[in-house]
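# Descriptive structure summary
If you want the building blocks of each chain, they are given just below.
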Number of protein chains: 2
Amino acid sequence: MITKLISKIRRTGAPIVVGLDPMLKYVPEHIKKSAFAAYGETLEGAGEAIWQYSKGIVDAVWDLVPAVKPQIAMYEQFGIPGLMAFCKTVNYCHEKDLVVIGDIKRGDIGSTSEAYAAGHLGQVQVGSKVCRGFEEDFVTVNPYLGSDAMEPFLKVCAEEKRGIFVLVKTSNPSSGELQDRLVSGTGNGEGAGDRPLYEIVGEQVAAWGAKCMPEEGSYSYVGAVVGATYPEQGKILRKIMPKAFILVPGYGAQGGKGADLLHFFNEDGLGAIVNSSRGIIAAYQQEQYAHFGEKGYGDAARAAVLAMKEDISAALNARG
Amino acid sequence: MITKLISKIRRTGAPIVVGLDPMLKYVPEHIKKSAFAAYGETLEGAGEAIWQYSKGIVDAVWDLVPAVKPQIAMYEQFGIPGLMAFCKTVNYCHEKDLVVIGDIKRGDIGSTSEAYAAGHLGQVQVGSKVCRGFEEDFVTVNPYLGSDAMEPFLKVCAEEKRGIFVLVKTSNPSSGELQDRLVSGTGNGEGAGDRPLYEIVGEQVAAWGAKCMPEEGSYSYVGAVVGATYPEQGKILRKIMPKAFILVPGYGAQGGKGADLLHFFNEDGLGAIVNSSRGIIAAYQQEQYAHFGEKGYGDAARAAVLAMKEDISAALNARG
């Protein structure tokens, strides 16, 4: 799936992922009205509204970008009907041949981690049959529990040729509270040191990835999440994990700009894919795109993708 | 809800939580046969099997223990039908007046964290109505993203009088890879130090909890997860977070014993609740309880709870 992601990035010329974070406050009134008329102001109504809204975004941008990143929390908050909307969205994105990165940030141990890996990227055995629960191509994973949490994902990634993005340095203001702590390089409490924790996690990503590659020398199935809001850290992590694709959140609404992104890419112009959520899916609420109107939210999203593509291309070309 | 948990611990004399991790390999054949006959060897069939199995466990132990901890991954792996079984299980446990700890290990930032907090512990606004997605009393939360991830949960806990257990030192073998790293005490990269990361997280738990209490001097709404497999660390963390309830996994199948648990409790005999999953729900598969047979899996679970209660009581009484 990393191979497909790369070939789609080359074809579209856009190392961009559209983050589907369908909060109800982004959903245009006409969609909510119609969903609530059909299902009431209920979880079912909310599920219908966010599904129709997600579909509209996908219809507007699918030919411009290689991938989408549905944020499961925004669906899960509406319980079962919300998660049904998540499933419909994932399946619809597959129909459009988009690479689907499930932003699920799961992480657990042993058999529990196996269950998450099987349920989101692999298959589950039910009696004599195999079934699939959710069907993402990639998922995001939290590393706090250590390798135990990762091994089942690595196994499924190798079997299914799917992938993970491990949280290394997240885009939020308080990410440094734990991630920037200076630690020993040797691990397991064998002496203090002077390297930030995210570098250690970056090294783990590189090591996990080395065991999990489609072919010698390629990018691995194990990527990393590093926020656009931390370009200096991105520069260092780019070197520590040369074969890891970096999923870069924090562009646009969170403050990251095209020029900040340079360090996340390798010399081959690859190695990073930049996410924008609100900046694209709620573009119509911004002054710049307000002329599209609520009903033109898809066109506004498309215009925002094109502007983002231009911004990133300009920055990459300026690097030469 | 922490007040209810404490009063139920006192009433049952059992600081025990039964972990509902309904893997299909634990489900007795007669339940699988009946579920697959009705729904086929499908996700629906799996969902029905784990729901019936979970219900049987709850029916067998509900009067002995204060709380249950359904592990959402074991339901989520079966997609929507699995999560419907999770909801049915949570609702059924509420009917039995059990405190429900959703083992979801979520953690994200900003509005995404708000969505998880609202969806699992709080309420979501849908038009002019408020609805509830999942309805746990407590959930487990991952701290790797920092305070940003926690604030929305703290807000909901205070509003709803529900609670969280933050992962501090997990029970698995590789938990030390990040959690045991020696770090600076000051944070944000201001110099190396000599304290393990889990102590820093423990201090954060104490600080978050101080802002989130049902009343002065009580236990807070913010608890911690510390594995029974690490009793020495438990002793230190008990002191760092005197007002945090500790959820202690790793008893039984993972190797923890009653005597290991002493340090997790405060002098008042409270402050900890010990989880056992496989050791109870699949007790019938152990030699010791094999005489109950597959169909007696509930009775075997009940016997295992009673033995666990005795083991913990003996250890606490020996302390005097």
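Residues numbered from 1 in each chain as written. Chains lettered and ligands numbered in written order. Predicted model: local features only at pLDDT ≥ 70, side-chain atom pairs only at ≥ 80, totals over all residues. Heavy atoms only, no water.

### Here's the deal with the interface of chain A and chain B
Put simply, the rule reads: When checking whether two residues touch, look at their non-hydrogen atoms; a contact exists if any pair is within 4.5 Å. When two parts are put together, the accessible area they lose, computed with a 1.4 Å probe and summed over both, is reported as buried area. Put simply, a salt bridge is a Lys or Arg side-chain nitrogen that is within 4 Å of an Asp or Glu carboxyl oxygen. Counting of polar contacts relies on pairs of N or O atoms within 3.5 Å, with two restrictions inside protein: one atom must be capable of donating a hydrogen and the other of accepting it, and residues adjacent in sequence are counted only when both atoms are side-chain atoms. Secondary structure elements are taken from DSSP: a helix is a run of H or I of four residues or more, a strand is a run of E of two residues or more, and numbering for both begins at the N terminus.
Chain A puts 82 residues into the contact, and the matching count from chain B is 82 residues. A buried area of about 6,300 Å², summed over both sides, lies between chain A and chain B, and 60% of it is on carbon and sulfur atoms. Summed over the three residues of chain A that lose the most area to chain B, namely Glu-41, Tyr-144 and Arg-181 of chain A, the buried surface amounts to 13% of that side. Inspection of the chain A/chain B interface yields 6 salt bridges. One salt bridge connects Lys-105 of chain A with Asp-108 of chain B, and the closest N-O pair in it is separated by 2.8 Å. Remark: the boundary between chain A and chain B carries 29 residue pairs in polar contact (both at pLDDT 80 or more). Considering each element in turn, the side of chain A that touches chain B owes the most residues, 6 residues, to helix α6 (residues 110-120) of chain A.

### A look at the sheet that holds strand β6 (residues 138-141) of chain B
Residues and elements named next belong to chain B. What counts here: Strands are treated as partners if at least two bridges between them are detected by DSSP. Angular values range over 0 to 180 degrees, each being the angle between N-to-C directions of two axes fitted as lines to C-alpha atoms, with helices fitted over their stretch in contact.
Taken in spatial order, the 8 strands close into a barrel running β1-β2-β3-β6-β7-β10-β11-β12, and their pairing is parallel. This sheet shows a mean twist of 30° between the axes of neighbouring strands, independent of strand direction. As judged from the 4 bridges shared by β6 and strand β7 (residues 163-169), these two strands associate in the parallel manner. Bridge pairing in β7 places Phe-138 opposite Gly-163. Most of the contacts of helix α9 (residues 197-210) go to β7, to which it runs at about 165°, and overall it touches β7 and β10 (222-226).

### A look at the pairing of strand β2 (residues 67-70) of chain B
Residues and elements named next belong to chain B. Which entries qualify depends on this criterion: Buried means the residue's accessible area, taken with a 1.4 Å probe over protein chains only, is under 20% of the maximum for its type, while exposed means over 50%, and partly exposed covers the values in between.
The alternating pattern of β2 places Ala-67 and Lys-69 on one face and Val-68 and Pro-70 on the opposite face, and all of these are buried. Note that strand β1 (residues 16-20) and β2 share 4 bridges and pair parallel. Within β2, the position partnered with Leu-20 by the bridge is Pro-70. Bridging between β2 and strand β3 (residues 99-106) involves 2 bridges; their strand directions are parallel. In the strand pairing of β3, Val-68 is matched with Val-100.

### Regarding the packing of α9 of chain B against helix α10 (residues 231-240) of chain B
Residue and element names in this part refer to chain B. Worth spelling out the cut-off: Orientation is classified from the angle alone, with under 35 degrees giving roughly parallel, over 145 giving roughly antiparallel, 65 to 115 giving roughly perpendicular, and any other angle giving oblique. Throughout, a crossing is termed right-handed when the near helix is turned clockwise from the far one, and left-handed when it is turned anticlockwise from it by less than a right angle. Under the scheme applied here, ten amino acids are nonpolar (Ala, Val, Leu, Ile, Met, Phe, Trp, Tyr, Cys and Pro), four are charged (Asp, Glu, Lys and Arg), and all others, including Gly, are polar.
Put simply, α9 and α10 touch, their axes get as near as 9 Å, and they point 30° apart. Relative to α10, the element α9 is oriented roughly parallel. For the element pair α9 and α10, the recorded crossing hand is right-handed. Facing Tyr-198, Glu-199, Gly-202, Glu-203 and Ala-206 of α9, the residues of α10 in contact are Gln-233, Ile-236, Leu-237 and Ile-240. Of the residues assigned to the contact of α9 with α10, the class counts are 5 nonpolar, 2 polar and 2 charged.

### Quick look at the state of the cysteines
Formally, a disulfide is one covalent bond, and it connects the sulfur atom of one cysteine to the sulfur atom of another. Applicable threshold: Here, two cysteine sulfur atoms that lie within 2.5 Å of each other are counted as a disulfide.
Tallying each qualifying case throughout the model produces 0 disulfides over all chains. In this structure Cys-87 of chain B is a free cysteine whose sulfur lies 12 Å from that of Cys-93 of chain B, the closest cysteine sulfur available.

### Quick word on unusual backbone geometry
At Lys-105 of chain A, a position not held by glycine, the phi torsion is positive, near 45°. By the secondary structure assignment, Lys-105 of chain A is in strand β3 (residues 99-106). Judged by its relative accessible area of 9%, Lys-105 of chain A falls in the buried class. Backbone geometry at Lys-161 of chain B places phi at a positive 55°, although glycine is not the residue there. Relative to the helices and strands, Lys-161 of chain B resides in the loop between α7 (147-160) and β7.

### Things to note about the relation of the copies chain A and chain B
Note the following rule: When the copies are overlaid, the least-squares fit takes in C-alpha atoms only where the residue has pLDDT of at least 70 in both copies.
Superposing chain A onto chain B takes a rotation of 180° plus a shift of 0.0 Å along the axis, which leaves an RMSD of 0.0 Å. Expressed as an axis order, the relation between the two copies is that of a two-fold axis. Minimal C-alpha separation from the rotation axis in chain A is found for Val-183 of chain A, amounting to 2.4 Å. Both copies share a contact surface, since 100% of the interface residues of chain A are interface residues in chain B too.

Read these as spatial facts, not as claims about activity.
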